Amino acid sequence: MDNPPPPQARPVETADSNGMALAAMIIGLVAVLLALIPIIGFISWILAPLAIVFGLIGKNRPAGAGFAWTGIISGVVALLICVAWLLAWWGLVNLGEEIGRDYEEQIRAEQNVRGSSK
């Protein structure tokens, strides 16, 4: 009575995946969504460069190159949105300062007119 031959181990076939490209896409899309929210958008200053770096690393592998490019592009878009918010807030602050200076000048001019009429 012969023993049956031992079972042959088959190599497990795995789908070729690119974790960096997938991470770049997910982080990039989250960065864009968060960048659109005024107060929470500052988080995109961290997430957007991460998406770009992960995308640049992930695009070197053929699997998931589309995910990598999506991460790179969405990271750049998120940074552009962040810069637009920064410029908008900076413009509003400068406008407020200018309005405040004009108001102070009007008050001084009015006080000078009152002071000279006495």
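Residues numbered from 1 in each chain as written. Predicted model: local features only at pLDDT ≥ 70, side-chain atom pairs only at ≥ 80, totals over all residues. Heavy atoms only, no water.

A.B. asks: Explain the pattern of salt bridges to me, and be specific about the residues and the numbers.
C.D. replies: According to the stated counting rule, one finds two salt bridges in the structure shown. In this structure, the salt-bridge partner of Glu97 is Arg101, at a minimum N-O distance of 3.9 Å. In this pair, Glu97 and Arg101 both sit in helix α3 (residues 65-117), four residues apart, roughly one turn of the helix. Under the relative-accessibility criterion, Arg101 is labelled partly exposed at 46%. (Salt bridge = Lys/Arg side-chain N within 4 Å of Asp/Glu carboxyl O. Helix = DSSP H or I, 4+ residues; strand = E, 2+ residues; numbered from the N terminus. Buried < 20%, exposed > 50% of the residue type's maximum accessible area, 1.4 Å probe, protein only.)

A.B. asks: Account for the side chain of Asn18, naming residues and giving values.
C.D. replies: By the element assignment, Asn18 lies in the segment before α1 (19-35). Given the relative accessible area of 7%, Asn18 is considered buried. Within the local environment of Asn18, its side chain forms a polar contact with the backbone oxygen of Ala63, the two atoms lying 2.9 Å apart. The contacts of Asn18, once residues within four sequence positions are left out, are Gly58, Arg61, Ala63 and Gly64. (Polar contact = N/O pair within 3.5 Å; in protein donor to acceptor, adjacent residues only side chain to side chain. Contact = heavy atoms within 4.5 Å.)

A.B. asks: Run through the nonpolar core, naming residues and quoting values.
C.D. replies: Counting residues in hydrophobic clusters, the biggest one holds ten residues: Ile27, Ala31, Val32, Ala35, Leu47, Ala48, Ala51, Ala78, Ile81 and Cys82. A per-element tally of this core places α1 first, with four residues. Not counting residues within four places of it along the chain, the set of residues in contact with Ala31 comprises Ser44, Leu47, Ala48 and Ala78. (Core = buried A, V, L, I, M, F, W, Y, C linked by side-chain atoms within 4.5 Å.)

A.B. asks: Please set out a nonpolar patch on the surface residue by residue, giving values where relevant.
C.D. replies: Together, Ile37, Ile39, Ile40, Phe42, Ile43, Trp45, Ile46, Leu50, Val83, Leu86, Leu87 and Trp90 make up an exposed nonpolar region whose accessible area comes to about 1200 Å². For the nonpolar patch, the elements supplying multiple residues, two or more each, are α2 (44-58) and α3. When residues of the nonpolar patch are assigned to their parent elements, the largest contribution, four residues, is made by α3. Note on Leu50: relative accessible area 35%, which makes it partly exposed. (Patch = residues over 30% accessible without salt bridge, like charges linked within 9 Å, V, L, I, M, F, W, Y side chains within 5 Å. Areas by Shrake-Rupley, 256 points an atom, 1.4 Å probe, with all protein chains shown as cover.)

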